[in-house]
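Commentary on secondary and tertiary structure
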Amino acid sequence: DTLTTPTPPGLVCNRSFDMYACWGDAAPNSTITVPCPWYLPWHHRVQGGVVIRRCGPDGRWVTDETGRPWRDHSQCEDLAQEQPLQAWLLEQFRLLYTVGYSLSLVALLLALLLLLLFRRLRCTRNFIHANLFLSFVLRAGAILTRDALLQRRLRPGPGHPLQLLGQQAVAGCRLAQALTQYCVGANYGWLLAEGLFLHKLLVLAAFSGERCLPAFLLLGWGAPVLFVVPWVVVRYLYENEGCWERNEKAAVWWIIRCPILMAVAVNFVVFVRIIRILVAKVRAHQVSRGDTRVRLARSTLTLIPLLGVHEVAFALVGEGQGGGTLRLVRLCLQLLLSSSQ
């Protein structure tokens with residue numbers, strides 16, 4: 001509408017775009033306001049704010065000391081940003097877990113390659129291990145890709161600010177976010193499959209695991225689809241903002257969070273039961289030095305250290321804009337434990 005409106009006669013400050021907001025014509029010695037730009041990632045929190053600009057008596061926009069157009073956009077700033085110290089800590093942990101995920105990615109690829117190349121290692125137990133390793137590989141790759149896209153999207157540049165939010169960039173960023181959630185869900189699914197397999201191995205004397213392979217495949221690769229797809233749909237309909245990197249609406253985030261916490265809770269119970277079974281066997285002197293089943297169980301236990309402990313301890317801490325120190329501690333522990341796997 002501003003572009004098609006005829007320019008009023010007389011002395012005016014001409015309509016313009018100052019690389020932040022669009023401005024219409026203004027009379028001399030006047031102050032005009034426009035709403036906060038829609039492209040701001042936090043626009044939903046500042047949509048009631050305005051940007052202020054002044055038109056001088058000579059019909060020119062007022063400039064600052066450097067000669068650039070002056071404006072007051074304090075009402076459009078994100079007041080919910082992290083404190084400087086917290087922001088610095090989060091940046092350091094981001095670098096730390098990026099290195100951790102990168103090293104983990106290389107190690108897991110080598111381990112997966114060994115399991116697939118050597119025929120002597122091909123068995124039901126190692127097949128489950130291979131799928132678990134693959135889920136870790138996909139999780140690490142998806143997280144690194146998502147972070148790279150987010151950093152590129154949010155990096156300031158000299159170009160047109162609207163270019164930062166191009167439709168293709170946003171679509172690719174959201175797709176990466178959705179794939180990341182699927183890979184994280186698949187990772188927890190295969191950790192649960194490992195726990196269930198180990199429990200069956202210790203409880204049932206004639207358990208081979210081959211009959212359970214289809215169920216494990218569905219649990220690991222199929223179950224995440226059941227909650228990731230609904231999350232994508234609900235997110236698109238009710239919280240379609242930015243790259244979906246923020247979780248402002250708790251109800252939407254719990255579509256993802258609930259199944260993962262259920263898997264963690266079940267696996268934690270299984271883990272405790274496995275420890276009790278092993279302790280009972282040792283006390284009853286039922287374990288010999290060459291007990292193959294217990295040896296396999298002990299080696300498998302090394303794949304799931306601290307299984308679900310940190311998730312259970314911080315399960316009720318939200319993912320939204322609040323959270324304070326407890327949320328920061330939870331995030332740091334989660335990043336350290338996840339990248340170390």
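Counting starts from 1 at the beginning of each chain's written sequence and moves along it residue by residue. Confidence filtering applies because this is a predicted model: local features only for residues at pLDDT of at least 70, side-chain atom pairs given and counted only at 80 or more, and all residues used for totals across whole chains, interfaces and linings. Side-chain metrics rest on all non-hydrogen atoms present in the structure, leaving aside hydrogens and water.

The name an unreviewed UniProt entry gives the chain is GIPR protein, with Fregata magnificens as the organism. UniProt positions are given in the numbering used here, feature names are shortened, and annotations may be inferred rather than shown by experiment. Looking at the Subcellular location (unreviewed entry) heading of the UniProt record, one finds this comment for the chain: "Cell membrane". A UniProt comment under Sequence similarities (unreviewed entry) is attached to the chain, and it reads "Belongs to the G-protein coupled receptor 2 family."

Structural notes on empty space enclosed by the protein
Grid points spaced at 1 Å over the protein atoms alone were grouped into cavities, where a 1.4 Å probe fits but cannot get out, and pockets, open sets with protein on both sides within 12 Å along at least five of seven lines, with lining residues defined by an atom within 4 Å of a point. Grid points are joined across faces, edges and corners, and a volume is the space filled by probe spheres set on the points. Summed over the entire model, instances satisfying the criterion amount to three cavities of 30 Å³ or more. Just so you know the grouping, Ala, Val, Leu, Ile, Met, Phe, Trp, Tyr, Cys and Pro go in nonpolar, Asp, Glu, Lys and Arg go in charged, and all remaining residues, Gly too, go in polar. Here the lining of the second largest cavity is built from residues that sort into two nonpolar, two polar and six charged.

A word on the UniProt feature "transmembrane region" (unreviewed entry) in the chain
Taking the numbering used here, the UniProt-annotated feature "transmembrane region" (unreviewed entry) corresponds to residues 95-118, 215-238, 250-275 and 296-317. A helix here means a DSSP run of H or I that spans at least four residues, while a strand means a run of E at least two residues long, and both kinds are numbered starting from the N terminus. A distance of 34 Å separates the end C-alpha atoms of residues 215-238, which is 100% helix and 0% strand. For the annotated span residues 250-275, helix accounts for 100% and strand for 0% of the residues, and the straight-line distance between the end C-alpha atoms is 35 Å.

What about the packing of aromatic side chains?
Aromatic contacts are taken between Phe, Tyr and Trp rings whose centres are within 6.5 Å, Trp giving its six-membered ring; a plane angle under 30 degrees counts as stacked, one over 60 as edge-to-face, and the others as tilted. Scanning the model with the defined rule gives four aromatic pairs in all. Here the aromatic rings of Trp23 and Trp61 are separated by 6.2 Å at their centres, their planes lie at 50°, and the arrangement is tilted. One end of the pair, Trp23, is in strand S2 (residues 22-23); the other, Trp61, is in the loop between strand S4 (50-55) and helix H2 (84-117), and 38 residues separate them in sequence. The residues Trp23 and Trp61 share a single accessibility class, namely buried. Any residue under 20% of the maximum accessible area for its type is buried, any over 50% is exposed, and the rest in between are partly exposed; the area is computed with a 1.4 Å probe on protein chains only.

Observations regarding the confidence of the model for the chain
A residue's pLDDT is the confidence the predictor assigns to it, expressed on a 0 to 100 scale. Summing up the model confidence of the chain, the mean pLDDT is 76 and the portion of residues at 70 or higher is 69%. Contacts between residues were defined by any pair of non-hydrogen atoms, one from each residue, lying within 4.5 Å. Taken as a whole, residues 155-165 scores under 50 in pLDDT and shows 14 contacts with residues more than four places along the chain or in a different chain. Residue range residues 318-323 is modelled with pLDDT below 50. Its contacts to residues more than four positions away, or to other chains, number eleven contacts.

Looking at the state of the cysteines
Disulfides are defined as pairs of cysteine sulfur atoms found within 2.5 Å of each other. Tallied over the full model, the rule gives three disulfides. One disulfide in the model links Cys13 with Cys55; its S-S distance is 1.9 Å. Taking the torsion about the S-S bond as the criterion, the Cys13 to Cys55 disulfide, at about 90°, is right-handed. Here Cys55 lies in strand S4 and Cys13 lies in the segment before strand S1 (16-17), a separation of 42 residues in the sequence. Residue class for Cys55 comes out buried when judged on its relative accessible area of 3%. Here the chain pairs its bonded cysteines, counted in sequence order, in the arrangement 1-3, 2-4, 5-6.

Observations concerning a nonpolar patch on the surface
Think of a patch as exposed residues, more than 30% relative accessible area, with no salt bridge, where like charges cluster within 9 Å and nonpolar side chains (Val, Leu, Ile, Met, Phe, Trp, Tyr) cluster within 5 Å. Under the convention used here, a 1.4 Å probe and the Shrake-Rupley method define accessible areas, while residue burial counts only the protein chains that appear. One side-chain nitrogen of Lys or Arg within 4 Å of one carboxyl oxygen of Asp or Glu is enough to make a salt bridge. There is a patch of nonpolar side chains on the surface, built from Val225, Val229, Val233, Tyr236, Leu237 and Tyr238 and spanning about 610 Å² of accessible area. Mapped onto the elements of the fold, Val229 is located in helix H5 (residues 213-238).

A closer look at unusual backbone geometry
Across the chain, the bulk of peptide bonds are trans and the bulk of non-glycine residues have phi less than zero. Even without glycine at this site, Met19 takes up a positive phi of about 70°. Looking at where Met19 falls in the secondary structure, it is placed in the loop between S1 and S2. Here the phi dihedral of Asn29 falls at roughly 55°; this positive angle occurs in a residue that is not glycine. Mapped onto the fold, Asn29 is located in the loop between S2 and strand S3 (30-35).

Things to note about H5
Any helix carries an expected span of 1.5 Å times its number of residues minus one. With 26 residues, H5 extends 38 Å between its outermost C-alpha atoms, agreeing within 8% with the 38 Å of an ideal straight helix rising 1.5 Å per residue. The reported bend at a residue is simply the angle between two axes, fitted to the 7 residues ending at it and to the 7 residues beginning with it. Most pronounced at Gly222, the bend in H5 amounts to some 40°, and the proline Pro224 follows within four residues. Of the residues making up H5, those classed as buried are Leu213, Phe216, Gly220, Pro224, Phe227, Val228, Trp231 and Arg235.

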